[in-house]
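# Fold and contact review
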Amino acid sequence: MATPASSSLFSRLTTAFGLLSLRSDIDNIILELLGQFSLEKIYAEGDKETYQNLVITLLAQLNTILNVQRLTLPSENLQVGWYLGFLASWEVTLRAVEFVLQVVVEGRESLWEVRLLREKYLAELLLNALRFLTLHPKVPPSRAKERRDRFARIHRQLEQIFDSYPGQESFLLLVCREITDSLRTEPNGLALPPRLRVELPNLASELYPLAECLSSQYVAALVPQDGLPANWLVQFLALRDISQFVVGASVQYVMKRETRDVRLQSSSARTRNAVLLALENLRMPGHLSKFDLVATFSDTFRIILPDTLNLGRRSSSDCDEFEIDAIDLLCTKLSDRQVLNRVSDHELSRSISEVTRHIALLDDPSGQFRSARPRLWVLNCQKGHIVGETQLKAAENMNFPADREGGTKVVPLPPQAKCIHCGGAATIAREVSLARHAWDHLKPLESNADTINVERHLPNQFQLSPPRMDTGMPFHAGYGNILSGEGSRIHDPEHSYSPTANRSVFPGSMSSDRPNLLPQSLVSPQIPLSPKSRLKSDTPYAEHAPSEDLTSSDGLGCIDTPKTSDPRWPSSGAVETPISPDFSRGSQSRLQSFSNVSFEPEALTKSRTIPLVAPPEKSKSRWRSKLTGSRREVPKPATRDSSSLSSTTLESQRLEEFSLKNLVSSSKVSSRGKSGKSINVYISQNSTYALFWTQAAINIWDVGNSSPLLGRAISTESNCVLAAVTKVHLAYIIGTRDQKLTLRIVNLIQTTVPAIEYRMPSSPWCSSITICPKENQVVVGFDNSIVRFFKTTNSEEPREDRLHSRFHKDCKNCPAVDTVSFSNDGLVLLASTRTRGTIQIYSWRFPFIDFQELAPCRYHVPLHESEDNGTSSAIFRSGMGNEEDLICVTTWTQSGIPVLIQPHDGHRTEIRTETSTHQGKLGSRIQYAAFSPTGRELAMVNDKGYLYIISNLNSNPLEVKRIATSKELTTKSDWFAMEFMSFPGEEAIVLAWADSSKGLGYVKKIPVKYSVSATTFPKFSIPQMLI
């Protein structure tokens, strides 16, 4: 059978039906959706558009749930008791409807403009909810008068909506008023026709092939030509039920991956035609439009039958965008909820893990190959030993038959075969099919809730942020530093260094006679402050000048420095940072710690912001004084060609310079050679942190402030070769090719947690590193096409994937993994290798158990070119709405033009600039590429230091625009990085680079506005509040 034409909405409904069918916690899901919305509503006055999206999301999600609930109702000839566990209760459903109506009534000022909210989403939810309540088999044991009163309340609220939102109302909303008017008079007056009442199927069985009561013959007789006008509402609801079941049958067919030919599409088309003809006979009241009636049913059938005529008065794609995003969010929550339910039953999850672990161990005792589907075999040796298929393949190099449904398989062994365990002769191997079946059924139930547990403690689980309070407190919302690093101070250019500013940042070392002006509720001494918290309140943190004598820690242990004895930490009720005029030079660092890194104090060097375009000259201008009085040379742009950059754009870009003398000096003491003194740069994907590091030391800078602030300095105690940072973790690898490598993972939030260390041989050598934005694992690429996954929560044995395992067992001369990168939402991991000039892309999807090569994404770039620095980026963007997933591949080569590739079909678009646009040449030497958080923009930096932003990613031609210049590069460089970042009140692209010869770091922020469609909900890299 030909399956229904795939559409974005249809595929979302298929996923939602799979997650919502026959669940026993529907009441809890509904209540948690309402609870989440209630917490969001607290700050609704802050952002009207976001609040409108929140309301639409709630309506669409509830409507999806009740749509599935309608198809779950049992017919009258079935035992009701078995189905009650799968049905939402009558009371919860009714109260949810009243809650939603009250939200719409009270939100008139915010929701007035969004007619689609009332005309489609609210109306469809009311229709589904009222139908479900009318047919519910377990109505509360109350008198008919009480039920009439409950429906009268809904009718009264609906009338209030008509009064609050005057004007022409939609057809469906008018029908809802007719239904509530009928139910408040007779609660049982809208029952199903007799045959549907007995013969309708439900989701506990198969909805396909279509039942006789859903056939075109029955539908044609359902609405007679000379029918009574009084019956129109019963007939309308019956036809709507039939259309829902027809759509539900196709959804269930695809959801169950059915392969039988039941001619569902042709029978659905016949039923559709019969329904549309029956609508012509429907005798409705005169104030209801027959055209809108037919258009409503056409929209329903178009989900599975795209050839249905579209009679809608507006574009259905706009409606689908809202609904698709809402269903996606609901499915994410339901999936997370399912995982949490499984792992919450500790005994069950432990038993499942034990069974699968023993099967995997029997299949491969060495743990080297990690088969995706282990199989066990019994040899006919004297003792009948059980061996794994992986063992047999490794020992005898045999080809085993593919899986088939049915009986036990017997495989003859090669001549002279010996038992692996006892050495006895063996001629055949018989499969233990029970082990394979146990694995197939139990392995999918194994769940890892580490990611979910981290996410629900992050601040962006809500869409609406708390409103800013006008407290009038005059202090700077920045972080201070506990280090002696000179670049961590901010000073007025005309003020000399004052001894009064040289104070310890620790509260215990402050004078007790200073007043505590900061409320205790704003800053807790026990909870570290994340960069996101600056978006949540307008109360900045007090600033303190860091002491010259303090040092920092990597979190492995806190020690006192010689000049800082007995620092006194505040109690849980104390205030961390009092505000005082004397403490206005710095701020408390979020990464609080001491260190075993000690830097010698140097003369103060001012950290400053360098404007790229000088403002109009004024007499005795302080800006002029700052620029002319500086002893340091302002770095020149890579080119003077700024034809594509307006003066307004240049003025909004900020170049910030700060000192890295301490980092350079530590490298001179402990490192040898030029490479040991070079400064590498890495920018976090999910925070405002930037790493500036050498082989000997690592500095973590917070670039989210007006000037970068040094938050932490760490001694590597060896030769650092790779490093990466996120909001919560720092990961770096130390060692040499002659010694073992050590991966060290430091928790930046909980400084008392000891660092996690993984030791490994130096062969294969490490080549790339990344940290999951969801903070649960570090991924490292190695030579010989090996990728390893390291837990951030414990030091259990890392999992290893050999990318070429399907080609050969041992990779000895295979290429290194050039890049590893996570998508912004943290759900997809990409790795790239380059074999004989062909770039190959491999992908993992959450929970990152299995990988596959994306063969359509292979990209050939000839080897042995001059200035060939290989692959520079291979990054993934998840598709949104009707848009496809995208992979961007960039190189630093002569002929490897950057490309956008659709992984499912290999369609690719080369990214080039048009010479007629005066944007300069993008070229093929790309230093870095990154997708924006919304996924609608792509940024690139080329060898000239030009920053390009590419938009209209799913169209042709692309829009490529140069928006900034930076440092010119002569080769692909580790001292230059770029990433999208979110700051208080703005979004920006951040460029960061270092000059080792001068001991300086540079950060340039280019404000950008994401091109988010008005019909698209805000996209977040981390899922929202879990259900």
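Cut-offs applied
- Residues numbered from 1 in each chain as written.
- Predicted model: local features only at pLDDT ≥ 70, side-chain atom pairs only at ≥ 80, totals over all residues.
- Heavy atoms only, no water.
- Helix = DSSP H or I, 4+ residues; strand = E, 2+ residues; numbered from the N terminus.
- Polar contact = N/O pair within 3.5 Å; in protein donor to acceptor, adjacent residues only side chain to side chain.
- Salt bridge = Lys/Arg side-chain N within 4 Å of Asp/Glu carboxyl O.
- Buried < 20%, exposed > 50% of the residue type's maximum accessible area, 1.4 Å probe, protein only.
- Axes fitted to C-alpha atoms, helices over the stretch in contact; angles between N-to-C directions.
- Parallel < 35°, antiparallel > 145°, perpendicular 65-115°, else oblique.
- Left-handed = near helix turned anticlockwise from the far one by under 90°.
- Contact = heavy atoms within 4.5 Å.
- Nonpolar A, V, L, I, M, F, W, Y, C, P; charged D, E, K, R; others polar.
- Core = buried A, V, L, I, M, F, W, Y, C linked by side-chain atoms within 4.5 Å.
- Phe/Tyr/Trp six-rings, centres within 6.5 Å; stacked < 30°, edge-to-face > 60°.
- Lys NZ or Arg CZ within 6 Å of the ring centre and 35° of its normal.
- Pairing = 2+ DSSP bridges.
- pLDDT = per-residue confidence, 0-100.

### Quick notes on the environment of Ser966
Mapped onto the fold, Ser966 is located in the loop between strand 31 (959-965) and strand 32 (976-983). Here Gly945 takes part through its backbone oxygen, which lies 2.7 Å from a polar atom of the side chain of Ser966.

### Topic: the pattern of salt bridges
Applying the stated criterion to the full structure yields 42 salt bridges. For Glu113, the salt bridge identified is with Lys48, shortest N-O distance 3.1 Å. Taken together, the positions of Glu113 in the loop between helix 5 (108-111) and helix 6 (115-135) and Lys48 in helix 3 (residues 48-72) put the pair 65 residues apart, joining distant regions of the chain. A relative accessible area of 54% means that Glu113 is categorised as exposed. For the salt bridge of Lys120 with Glu323, the shortest nitrogen-to-oxygen distance reads 3.9 Å. You can see Lys120 sitting in helix 6 and its partner Glu323 sitting in helix 14 (residues 316-344), a full 203 residues away along the chain.

### Examining the side chain of His136
Mapped onto the fold, His136 is located in the loop between helix 6 and helix 7 (144-164). Polar side-chain contacts of His136 include one of 2.7 Å to the backbone oxygen of Ala88.

### Let's talk about the packing of helix 8 (residues 171-183) against helix 11 (residues 232-255)
With their axes 11 Å apart at the nearest point, helix 8 and helix 11 run at an angle of 120° to one another. Put simply, helix 8 runs oblique to helix 11. The handedness of the crossing between helix 8 and helix 11 comes out as left-handed. In this structure, helix 8 uses Phe171, Val175, Glu178, Ile179 and Ser182 to contact helix 11, whose residues at the interface are Trp232, Leu233, Phe236 and Leu237. For the contact of helix 8 with helix 11, the residue count by class is seven nonpolar, one polar and one charged.

### Some thoughts on the nonpolar core
Counting residues in each nonpolar core, the largest one holds 120 residues, and the members touching the most others are Ile30, Leu122, Ile179, Phe236 and Leu239. A per-element tally of this core places helix 11 first, with 13 residues. Leave out the neighbours within four places in its chain, and Leu122 touches Leu59, Val100, Leu101, Val104, Leu117, Ile161 and Leu173.

### Side note on the packing of aromatic side chains
Within the structure shown, the criterion is met by 23 aromatic pairs. Arranged with centres 4.4 Å apart and planes meeting at 40°, the rings of Phe658 and Trp701 form a pair that is tilted. In this pair, Phe658 is assigned in strand 6 (residues 654-659) and Trp701 in strand 9 (residues 697-702), connecting sequence segments 43 residues apart. Owing to a relative accessible area of 0%, Phe658 belongs among the buried residues under this scheme. Among the residues examined, Trp701 registers a relative accessible area of 1% and is labelled buried. Following the ring pairs from residue to residue traces out a cluster consisting of Phe171, Trp232, Phe236 and Phe297. Over the face of the ring belonging to Phe789 we find Arg799, whose NZ or CZ atom lies 4.1 Å from the ring centre. A cation sits over an aromatic face here: Arg962 above Tyr946, 4.2 Å from the ring centre.

### Some words on the sheet that holds strand 16 (residues 777-782)
With antiparallel pairing, the four strands of this open sheet are ordered in space as 15-16-17-18. Both edges of this open sheet fall to strand 15 (766-771) and strand 18 (799-802), since each of them pairs with a single strand only. Direction aside, the axes of adjacent strands within the sheet are offset by 20° on average. With five bridges connecting them, strand 15 and strand 16 associate as antiparallel partners.

### What about the sheet that holds strand 27 (residues 908-910)?
Read across the sheet, four strands follow the order 24-25-26-27 without closing on themselves; strand pairing throughout is antiparallel. The sheet is open, and its two edges are formed by strand 24 (871-877) and strand 27, each paired on a single side. Between one strand axis and the next, the sheet turns by 15° as a mean value, whatever way the strands run. Where strand 24 meets strand 25 (residues 886-891), six bridges bridge the pair, whose relative direction is antiparallel. When the sheet's bridge partners are listed, Thr871 is paired in strand 25 with Thr891.

### Considerations on unusual backbone geometry
The omega angle of the peptide bond from Tyr208 to Pro209 is -10°, so this bond is cis rather than trans. With respect to the helices and strands, Pro209 occurs in the loop between helix 9 (194-199) and helix 10 (216-222). Of the consecutive residues Phe846 and Pro847, the connecting peptide bond is found in the cis state with omega at 10°. Within the secondary structure, Pro847 is located in the loop between strand 21 (838-845) and strand 22 (851-853). The backbone of Asn784 shows a phi angle near 60°, a positive value even though the residue is not glycine. Looking at where Asn784 falls in the secondary structure, it is placed in the loop between strand 16 and strand 17 (786-791). Its identity as a non-glycine residue notwithstanding, Phe848 has a phi of 65°, on the positive side. By the secondary structure assignment, Phe848 is in the loop between strand 21 and strand 22.

### Notes on the confidence of the model for the chain
Detail in the predicted coordinates should be disregarded across regions flagged by low pLDDT. Residue-level pLDDT values for the chain average 77, and 73% of them are 70 or greater. Note that pLDDT drops below 50 for residues 470-648; the model gives that stretch 372 contacts with residues more than four away or on any other chain. Counting interchain partners and residues more than four positions distant, the pLDDT-below-50 stretch residues 1012-1027 has 55 contacts.

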